[in-house]
Amino acid sequence: MKKTSLALAVAAGTLGLTLVNVANAAFIEDSKAKLDLRNFYFDNDNRESQGDVGVGPAHSGQVREWGQAFQLNLQSGFTEGTVGVGVDALGLLGVRLDGGGRGDKAGQSRTPSALFPVESDGSARDEFSSLGLTGKIRFSKTVAHVGTLQPKLPVVTANDGRLIPQTFEGAQITSNEIDNLTLVAGQLEHARGRTSSNADSLSIARNGGLNDIPVADSNKFYYGGADYKINKDLLVQYYYGNLDDFYKQHFLGLTHTLALGAGSLKSDLRYFDTSSDGKNGSTAGRADGYIGGGYWNGGRTNSDFGEVDNRTWSALFTYSLEGHALSAGYQQVSGDSNFTQLNQGSIPGQGGASTYLITDRQITNFGRAGERTWITQYGYDFGKVGVPGLTANVLYMKGDNIKSATGDLKEWERDLTVSYVLQDGAMKGLGFAWRNASLRSEAAADTDQNRLIVSYSIPLM
């Protein structure tokens, strides 16, 4: 596994250059630093064997873990002049407080840790850490970053669903030279998983039970796109992503807010078109491990087995009024493969990924080949009744038409989130959250999950 890269070397070089200019007022005065604390309890219980997948006995996926995370964020300003330079640093530390790496009952098979790296015997490590450096250059309204990145874009989204966030290594340029238009372009080379101190090359998710086919990876993910704000209520987007030798993806998006009665209606429309690239497009290349997950009629005897082939569209509408927010939506996945984006799940120690789907919620993302999903959600902000900082949300998703060798399958997920953030006093900003979810599926393990999170941010400068 790769611990360093050219990107980090460039970032370190930029740090050395910047330190020469420490007397520069803007570099110092515009600097920011904070320490984010996250105390995380995770309880995941796979209630049954994985239905159509047929993996493991009941409760084989039971994981109960408790950890403490420390995230140090340092952001410098830019040196003065036509071209300004600066440097950012991200220090991450996860400490195990209890549990991890094994089942809780005698006779259970060992299960991977959800919060920590694991040793060869399956036990969770007591702690893990990483340091990321990012050099940055600003010219006019254009900024280039080289080193550790955490992109939040339709074609690549860093995951932050566990103790420590996922990070990437690469370079990105963001330009706002034209009013209301943001242009983004970049290349990623490696990812550091949310349960790892090490960086690895990039890959995508694949079906289980393919131990005779090697796991392939790539260190070239190219992406770019534009956000254009037509007016204050209407945003249109186009993005492109390409993981070399795996897939190409086009994205079109539109969000619109309409004043309706005493409230407002927000529309969120998304469309993805994803196809094979390079070795994933050939039978020989897929035999070498450049393979994706999904359902291909005829299974492994089909010449298209493992090829990325997906179109996904969705629409989500949210009406907000006096603290209430009611949402309804629909998503359709078409093609032989599952919805595909960067996913390190096939690489040991690098599991966990986010996708830019309206259905990517607490347990699963409802992105299987052929899947149709209906979504309903209700949220309330108790600040409207005199309890500022308290919010609650309940979500229900129902999917069907999932392609499989035994016919169409279905699943549903229910999520409940309650959070509270102190609004004043000595501990202002201290946050508490409870996230509860249940999944019942014919295509995956029936799962009950709870997450309890206490978070606090300490400004350092």
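Fair warning: this is a prediction, and the values are worked out from it, not measured in the lab.

What counts, and at which threshold
Think of each chain on its own: its residues are numbered from 1, step by step along the sequence as written. Per-residue local features of the predicted model are confined to residues with pLDDT of at least 70, and side-chain atom pairs are confined, for both listing and counting, to 80 or more; whole-chain, interface and lining totals are unaffected and use all residues. Remark: hydrogens and water are excluded; side-chain values derive from all non-hydrogen atoms of the structure. A helix here means a DSSP run of H or I that spans at least four residues, while a strand means a run of E at least two residues long, and both kinds are numbered starting from the N terminus. The cut-offs for exposure are 20% and 50% of the maximum accessible area for each residue type, with area from a 1.4 Å probe on protein chains only; residues under the lower value are buried, those over the upper are exposed, and the others partly exposed. Throughout, a contact is declared for two residues whenever any of their heavy atoms are within 4.5 Å. All accessible areas in this document rest on Shrake-Rupley with a 1.4 Å probe, and a residue is counted as covered only by the protein chains that are shown. Here, nonpolar core means buried Ala, Val, Leu, Ile, Met, Phe, Trp, Tyr and Cys residues that are tied together by side-chain atoms lying within 4.5 Å of each other. What counts as a salt bridge is simple: a side-chain nitrogen of Lys or Arg found within 4 Å of a carboxyl oxygen of Asp or Glu. Patches here: salt-bridge-free residues with over 30% relative accessible area, like charges joined within 9 Å, nonpolar side chains (Val, Leu, Ile, Met, Phe, Trp, Tyr) joined within 5 Å. Between any two strands, pairing holds if DSSP finds at least two bridges. Planes of paired rings set the category: under 30 degrees apart is stacked, over 60 is edge-to-face and the rest tilted, where pairs are Phe, Tyr or Trp rings (Trp by its six-membered ring) whose centres lie within 6.5 Å. Here, a charge over a ring is recorded when the distance from Lys NZ or Arg CZ to the ring centre is within 6 Å and its angle to the ring normal is within 35 degrees. For every residue, the predictor states its confidence as a pLDDT score lying anywhere from 0 to 100.

Glancing now at the overall build of the protein. A count of helical and extended segments in the protein gives three helices and 21 strands. Classification of the 461 residues of the protein by burial places 47% in the buried group. Summarising the internal contacts of the protein: among those between residues at least 6 apart in sequence, 63% fall at separations of at least 24. With an accessible surface of roughly 21100 Å², the protein has 55% of that area assigned to carbon and sulfur atoms.

Further remarks concern the environment of serine 455. Structurally, serine 455 is set in strand S21 (residues 447–459). The class of serine 455 is partly exposed, set by a relative accessible area of 30%. Non-local contacts of serine 455, meaning those with residues more than four positions away in its chain, are made with Leu37, Arg38, Gly429, Leu430 and Gly431.

If you look at the biggest cluster of nonpolar residues, it comprises 25 residues, and the most contacted ones within it are Leu188, Phe221 and Leu342. Residue assignment for this core shows that the elements contributing at least two residues are strand S9 (181–192), strand S11 (221–231), strand S12 (234–243) and strand S13 (247–260). The element that contributes the greatest number of residues to this core is S9, accounting for three residues. Setting aside residues no more than four positions away along its own chain, leucine 188 makes contact with Leu149, Pro151, Val156, Phe168, Glu169, Gly170, Leu202, Asn219, Lys220, Phe221, Tyr223 and Leu342. Among the nonpolar cores identified, the runner-up in size contains 15 residues, and Phe42, Leu90, Leu115 and Phe128 belong to it.

A separate point is the pattern of salt bridges. A full pass over the atoms with the stated rule returns 14 salt bridges. In this structure, the salt-bridge partner of arginine 300 is aspartate 212, at a minimum N-O distance of 2.8 Å. Of this pair, arginine 300 sits in the loop between helix H3 (283–287) and strand S15 (309–321) while aspartate 212 sits in the loop between strand S10 (199–200) and S11, and the two are 88 residues apart along the sequence. For arginine 300, a relative accessible area of 45% puts it in the partly exposed group. The salt bridge involving aspartate 309 is made with arginine 311; its shortest N-O contact spans 2.6 Å. Residue classification places aspartate 309 among the partly exposed positions, given a relative accessible area of 25%.

Judged by side-chain polarity, Leu72, Leu74, Ile458, Leu460 and Met461 come together as a nonpolar surface patch covering roughly 420 Å² of accessible area. Take leucine 460: it is sitting in the segment after S21.

Here we take up the pairing of S21. In the sheet, strand S1 (residues 32–46) pairs with S21 via 13 bridges, with the strands oriented antiparallel. Within S21, the position partnered with leucine 37 by the bridge is tyrosine 456. Relative to S21, strand S20 (residues 431–441) runs antiparallel, the two being bridged by nine bridges. What sits directly across from tryptophan 434, in S21, is leucine 452. Here S20 folds back onto S21 in antiparallel fashion, the turn holding five residues.

Now for the pairing of strand S14 (residues 263–276). Along any regular strand, the residues point their side chains to alternate faces of the sheet. As paired strands, S13 and S14 are joined by 14 bridges and run antiparallel to one another. Bridge pairing in S14 links lysine 248 to serine 275. As consecutive antiparallel partners, S13 and S14 are separated by two residues, and within that stretch glycine 261 has a phi angle of approximately 65 degrees, a positive value. When S14 meets S15, the two strands line up antiparallel, connected through twelve bridges. Among the inter-strand pairings, threonine 274 is bridged to a residue of S15, identified as asparagine 310.

Here valine 184 shows up in strand S9. Look at valine 184 and you get buried, because its relative accessible area is 9%. In sequence terms valine 184 and isoleucine 173 are eleven residues apart; their C-alpha atoms lie 5.7 Å from each other. In this view, valine 184 contacts Leu153, Gln172, Ile173, Thr174, Tyr223, Gly224, Gly225 and Tyr239; residues no more than four positions away in its chain are not counted.

Here we take up the environment of glycine 429. When you line up the elements, glycine 429 lands in the loop between strand S19 (409–421) and S20. The class for glycine 429 is partly exposed, based on a relative accessible area of 36%. Along the backbone, glycine 429 and isoleucine 458 are 29 residues apart, and their C-alpha atoms lie at a distance of 9.1 Å.

Although it is not a glycine, asparagine 180 adopts a positive phi angle of roughly 70 degrees. Residue position: asparagine 180 is located in the loop between strand S8 (167–175) and S9. Take asparagine 180: its relative accessible area is 49%, and that puts it in the partly exposed class. You will see that aspartate 245, though not glycine, has its phi angle at about 75 degrees, which is positive. You can see aspartate 245 is positioned in the loop between S12 and S13.

Moving on, we come to the packing of aromatic side chains. All told, the structure shown has 13 aromatic pairs when counted by the stated rule. With a centroid separation of 6.4 Å and 40 degrees between ring planes, the pair formed by phenylalanine 40 and phenylalanine 42 is classed as tilted. The exposure class assigned to phenylalanine 40 is buried, which follows from its relative accessible area of 1%. Summarising the aromatic geometry, the rings of tryptophan 296 and phenylalanine 305 are spaced 5.3 Å apart at their centres and angled 65 degrees between planes, so their arrangement reads as edge-to-face. The class of phenylalanine 305 is buried, set by a relative accessible area of 13%. Cluster of aromatic residues (ring-pair linked, three or more members): Phe251, Phe272, Phe339 and Tyr356. The residue whose ring lies beneath arginine 270 is tyrosine 356, and the NZ or CZ to ring-centre distance is 3.9 Å.

A word on the confidence of the model for the protein. Considering every residue of the protein, the mean pLDDT works out to 89; 89% of them sit at 70 or more. Note that residues 50–59 has pLDDT below 50 and, in this model, 21 contacts with residues that lie over four places away or in other chains. Across residues 103–109 the pLDDT falls below 50, and counting only partners more than four positions away or on other chains, this stretch makes ten contacts in the model.

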